[in-house]
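# Residue-level structure breakdown
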Amino acid sequence: GSFNSWQPEQAKNSGNGGWVKELTIGPGRYEYLLVVDGQWLPDPNAKESVPNPFGGQNSVLVISK
């Protein structure tokens, strides 16, 4: 996402059917997508999204101070 220059990072298998990637980022408004089996997809659990320049939607994460 916008917090890491759109460079996908490998998440770790959490062992319970999910995947985890921990990041430290400061307050702000960040756009992101999930990479699933090589496809960039919006987060179905995101509370907000915005159009992206490729005709799709980016998920939005807002971190308060």
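Residues numbered from 1 in each chain as written. Predicted model: local features only at pLDDT ≥ 70, side-chain atom pairs only at ≥ 80, totals over all residues. Heavy atoms only, no water.

### Some thoughts on the side chain of Asn-58
- As for its position among the elements, Asn-58 is in strand β7 (residues 57–63).
- A relative accessible area of 5% places Asn-58 in the buried class.
- Polar side-chain contacts of Asn-58 include one of 2.8 Å to the side chain of Glu-31.
- A distance of 2.9 Å separates a polar atom in the side chain of Asn-58 from a polar atom in the side chain of Asn-52.
- Once residues within four sequence positions are removed from consideration, Asn-58 is found in contact with Trp-6, Glu-31, Tyr-32, Leu-33, Glu-48, Ser-49, Val-50 and Asn-52. (Helix = DSSP H or I, 4+ residues; strand = E, 2+ residues; numbered from the N terminus. Buried < 20%, exposed > 50% of the residue type's maximum accessible area, 1.4 Å probe, protein only. Polar contact = N/O pair within 3.5 Å; in protein donor to acceptor, adjacent residues only side chain to side chain. Contact = heavy atoms within 4.5 Å.)

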